[in-house]
Amino acid sequence: MISARTKSGAVRPGLDHPVQNPSRLQQSRRDFIGTLGFATAALTCAVPAWMCLRAYVPNVLYEPPRRLKVGPLARFTEGATYLPDQRAFVFREKDTLFSIGARCTHLGCTVQLAKMPEVEGGYEFHCPCHGSKFRADGTNFAGPAPSPLPYYTLDIAAEDDQLILDMSVLADKGWRLTVRS
Ligand code: FES
């Protein structure tokens, strides 16, 4: 039991708070400072090491190619062929081909081809998200879509006669690729 002295000088047995051992207090302070020093040193080494490693990873955004071969010409028969990976339609009318993008010009949903024999062109594009509609030539006429669907450029690869879809170059509405039969 440890005693304590009151204000009046009387000695009171027992203590409200145990007195800490000063050498143990110093030891725990030393431990804390040591740990803090170690953490700071580790952080100082880790940051430049991470930056060095990061420098070996190229800061490049990988995007799918915008110009690519989409198959032999024979794949594209009369009418519409949908290319899901490119979100584009390729239309063939005898010896001419053209491509219309299927990405809605409102918020980018994929439009669907709706066959409608009663309308000019025989079909329309309908967007399932907010109801935009486009005529067969891609012109927007209903819903929130602010502009027509894009036309992409087509080409034939010289080396193997495959059709090339080039989404990096937009074409005018009347643009057509003519191929020999
Ligand atoms: S994304 Fe097509 S109408 Fe909204």
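Okay, the nonpolar core next. Of all hydrophobic cores here, the largest spans 16 residues; its most connected members are Phe91, Ile100, Val111, Phe125 and Phe134. Once residues lying within four places of it in the same chain are set aside, the contact partners of Ile100 are Ala88, Phe89, Phe91, Phe125, Ala136, Asp137, Gly138, Leu149, Pro150 and Tyr151.

This part is about the state of the cysteines. Scanning the model with the defined rule gives one disulfide in all. The disulfide partner of Cys109 is Cys129, and the gap between their sulfur atoms is 1.9 Å. Between Cys109 and Cys129, the S-S torsion sits near -95°, and that sign places the bridge as left-handed. Of this pair, Cys109 sits in the loop between β6 (96–101) and β7 (112–115) while Cys129 sits in the loop between β8 (123–126) and β9 (133–134), placing them 20 residues apart in sequence.

Before going further, it helps to examine the side chain of Asp166. With respect to the element layout, Asp166 can be found in strand β12 (residues 162–171). By relative accessible area, which is 7% here, Asp166 ends up buried. Among the polar contacts made by the side chain of Asp166, one reaches the side chain of Ser168 at a distance of 2.5 Å. Look past the residues within four positions of Asp166 in its chain and what remains in contact with it is Arg66, Arg67, Tyr152 and Thr153.

Moving on, we come to a nonpolar patch on the surface. A cluster of nonpolar side chains, Leu43, Val47, Trp50, Met51 and Leu53, forms an exposed patch at the surface whose accessible area comes to about 590 Å². Positionally, Trp50 belongs in helix α1 (residues 22–55). Of the residues examined, Trp50 reaches a relative accessible area of 57% and is grouped as exposed.

Thresholds, definitions, all that
- Residues numbered from 1 in each chain as written.
- Predicted model: local features only at pLDDT ≥ 70, side-chain atom pairs only at ≥ 80, totals over all residues.
- Heavy atoms only, no water.
- Core = buried A, V, L, I, M, F, W, Y, C linked by side-chain atoms within 4.5 Å.
- Buried < 20%, exposed > 50% of the residue type's maximum accessible area, 1.4 Å probe, protein only.
- Contact = heavy atoms within 4.5 Å.
- Disulfide = S-S within 2.5 Å.
- Helix = DSSP H or I, 4+ residues; strand = E, 2+ residues; numbered from the N terminus.
- Polar contact = N/O pair within 3.5 Å; in protein donor to acceptor, adjacent residues only side chain to side chain.
- Patch = residues over 30% accessible without salt bridge, like charges linked within 9 Å, V, L, I, M, F, W, Y side chains within 5 Å.
- Areas by Shrake-Rupley, 256 points an atom, 1.4 Å probe, with all protein chains shown as cover.
- Salt bridge = Lys/Arg side-chain N within 4 Å of Asp/Glu carboxyl O.

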